[in-house]
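# A look at the structure
What follows is each chain in one-letter form.
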Amino acid sequence: MLKLRDGIVELYRKVATSLPPDVEDALKAACVSEKKGSNARHALDVILENIRIARETARPICQDTGVPVFYVKTPIGLSQIELEKTIIEATCIATEKVPLRPNAVDIITDKNTGDNTGIGFPIIYFRETPDSTLSIDLMLKGAGCENVGQTYKLPKEELKADRDLDGVRKCVLDAVYRAQGRGCSPYTIGVGIGAAKDQVARLAKEQLMRRLTDTNNIEVLFKLEKRLLKEINSLGIGPLGFGGKTTALGVKIGVNHRHPASYFVDISVCCWANRRGRLIW
Amino acid sequence: MVEKQFTVQKQKIINLPLSKKDVMGLNAGDVVLINGMIVTGRDKIHKFLFYERPLKKDIPFNLSGTILYHCGPIVKKSDSGYKIIASGPTTSIRVETYEHRIISSYGIRGIMGKGGMGERTLDAMKKNGCVYFHTIGGAAAYLADRVKRVVDVWKLEEFGVPEALWLLKVENFPAIVTMDAYGKSLHNDIAKKSGSALKKLIK
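Residues numbered from 1 in each chain as written. Chains lettered and ligands numbered in written order. Predicted model: local features only at pLDDT ≥ 70, side-chain atom pairs only at ≥ 80, totals over all residues. Heavy atoms only, no water.

### Points about unusual backbone geometry
All names here are of chain A.
- P99 follows V98 through a cis peptide bond whose omega is -10 degrees.
- Mapped onto the elements of the fold, P99 is located in the loop between α4 (80-97) and β2 (123-129).
- A cis amide bond links L154 to the next residue, P155, at an omega of 5 degrees.
- Relative to the assigned elements, P155 resides in the loop between β4 (150-153) and α6 (165-179).
- Positive phi is not limited to glycine here, since C184 has a value of about 65 degrees.
- With respect to the helices and strands, C184 occurs in the loop between α6 and β5 (187-194). (Helix = DSSP H or I, 4+ residues; strand = E, 2+ residues; numbered from the N terminus.)

The structure is reproduced here in structure tokens:
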């Protein structure tokens, strides 16, 4: 699988050095909406210029090339063991070639492995599909924004948040308030709701793979996403926490069924550099 | 490559090292361009300086009057030395526990990073004459182009590339003073405003 390996290296390069068009367009729109001469406008001007330089010089947009997260859809019969090996090989090569910052640190020795591979690193999720193509989605998730994510258990009295979607709304607003600009706003916000902590965390992060321009096919969630985006942007945190109109570019919500006794809400925050891409094989 | 200039409020030019007087001339809200030698340092070096307390003479660079930049860069090694490929800021609040003593022990006049810091650091800045420079989070390629030279590195083997202390010569490195030596923090202002907006939205 030599060719696929090289394809994954190229996927790394593309995702690390350029932003998806929907994200760049949203940042451009945010920039012109901020007041001329304001710190928010200044920050977005530099951010857009940085995106251009990174693309033109094929250098990483951000020095934190993050934790690589793969969502792999495999056709029936394709070996996941072989695919995992190929992804790990590609990760080592990409670290050297792109280059990526080595980010995998051993918990016991505290040593950096130097090649972005280690136990559970990169993160790889497989799902078998009836399709005949192999589809590999990659997200490079920076740590600054990962660190400002939150998990809530409803009900939550301090927020007057009950076990309903309005309670979810309050959690999301609280999480963004607590993050301020520390995770590099304007953010994309992924929300996962369901029965178990591990499941909602994964679901929330997976929402970040959705295009900003897509529409949730569940009407009530579509409305909540729109309302939340508006309310988040009324908090006045602004780009990088400098104050301003744009604190988030999009809110994406995913749901699972829950247990009668549990109501978990996970909020995964993504920085403005929402780096994602797909390789179809 | 053509360097794009932006129209912003009057920019102050900062030349390092900074004296206490220079620092007292800076106010929260000032937009600045930094020139001179800065030092990078993040989680591991902060923990090290805080607990091991190395003497100034045992540190190969002079930290007095300089800026400690919270940054873990991407660096490429070539025959002609090291080159910075990407060097944006990392989240400063993670080193809140350590920073106050590092400011007072090593005579650092500026902390640079993103997201701002807490009360202990703000207090140490007031006591010792130091400010916080907020640079542009994520703008790693843009900021790397403002690093003109890697002068030296310390603790590279021990801590690894992102965590080492890199001594960098920078030119026209952009930042905004968001915490000053008078105890003013723009982060506190924004947190307060957004906090009252939040209260209305969740009542």
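After presenting the structure, the write-up continues.
### Structural notes on the pattern of salt bridges
- Tallied over the full model, the rule gives 35 salt bridges over all chains.
- Between R13(A) and E10(A) there is a salt bridge, and its shortest N-O distance comes to 3.3 Å. Of the two residues, R13(A) and E10(A) both sit in helix α1 (residues 2-17), 3 residues apart, roughly one turn of that helix.
- When the shortest N-O distance is used, the salt bridge between D123(B) and K127(B) registers 3.2 Å. Separated by 4 residues within a single helix, D123(B) and K127(B) lie in helix α4 (residues 119-128), roughly one turn from each other.
- Overall, the relative accessible area of 38% leaves D123(B) in the partly exposed class.
- The exposed category is assigned to K127(B), whose relative accessible area is 62%.
- Among the charged side chains, a salt-bridge network with shared partners connects D166(A), R169(A), K170(A), R227(A) and E231(A). (Salt bridge = Lys/Arg side-chain N within 4 Å of Asp/Glu carboxyl O. Buried < 20%, exposed > 50% of the residue type's maximum accessible area, 1.4 Å probe, protein only.)

### Points about the pairing of β2(A)
All names here are of chain A.
- Two elements, strand β1 (residues 67-75) and β2, share 7 bridges in a ladder whose sense is parallel. Pairing of K73 across the sheet is with R127, part of β2.
- Chirality of the crossover, the property in question, places the unit of β1, α4 and β2 among those that are right-handed. (Pairing = 2+ DSSP bridges. Right-handed = clockwise from strand over helix to strand, strands pointing away.)

### Comments concerning the interface of chain B and chain A
- With 49 residues of chain B in contact, the opposing surface of chain A contributes 51 residues.
- Here chain B meets chain A over a buried area of about 4200 Å², counting both sides, of which 63% is carbon and sulfur.
- Contact with chain A buries surface across chain B, with I74(B), L201(B) and I202(B) losing the most and accounting together for 14% of the total.
- At the junction of chain B with chain A, the criterion picks out 2 salt bridges.
- At the boundary of chain B and chain A, one finds 16 residue pairs in polar contact (both at pLDDT 80 or more).
- Mapped by element, the contributors of at least two residues to the side of chain B that touches chain A are β4 (74-78), β5 (81-86), α5 (140-144), α6 (156-159), β9 (165-179) and α7 (186-202) of chain B. (Contact = heavy atoms within 4.5 Å. Buried area = accessible area lost by both parts, 1.4 Å probe. Polar contact = N/O pair within 3.5 Å; in protein donor to acceptor, adjacent residues only side chain to side chain.)

### A look at the sheet that holds β4(A)
Residues and elements named next belong to chain A.
- Taking strand neighbours across the sheet as the criterion, the 4 strands line up as β4-β7-β5-β6 in an open arrangement whose pairing is mixed. Each edge of the open sheet carries a strand with a single partner, namely β4 and β6 (248-255). Across the sheet, the mean angle from the axis of one strand to that of its neighbour is 15 degrees, orientation sign disregarded.
- Across 7 bridges, β5 lies against strand β7 (residues 264-270) in antiparallel orientation. Paired with G190 across the strands is S268, a residue of β7.
- The sheet strands contacting α6 are β4, β5 and β7, and the helix crosses β5 at an angle near 140 degrees. (Axes fitted to C-alpha atoms, helices over the stretch in contact; angles between N-to-C directions.)

### Brief notes about the nonpolar core
- Counting residues in hydrophobic clusters, the biggest one holds 91 residues, and the most contacted among them are L27(A), I189(A), V191(A), I267(A), W272(A), I34(B) and F133(B).
- Per element, the largest residue contribution to this core is 8 residues, and it comes from helix α3 (residues 39-57) of chain A.
- Not counting chain neighbours up to four residues away, the residues in contact with L27(A) comprise L19(A), L44(A), I47(A), L48(A), I51(A), P186(A), L249(A) and W272(A). (Core = buried A, V, L, I, M, F, W, Y, C linked by side-chain atoms within 4.5 Å.)

### What about the sheet that holds strand β8 (residues 275-280) of chain A?
Residues and elements named next belong to chain A.
- Pairing is mixed in the open sheet, where 4 strands are placed in the order β2-β1-β3-β8. Two strands in the sheet have a free side with no partner beyond their single neighbour: β2 and β8. Averaged over neighbouring strand pairs, the angle between their axes works out to 15 degrees when direction is ignored.
- Across 6 bridges, strand β3 (residues 135-141) lies against β8 in antiparallel orientation. Paired with D137 across the strands is R278, a residue of β8.
- Here α4 sits on the sheet and contacts β1 and β2; the angle it forms with β1, its principal contact strand, is near 145 degrees.

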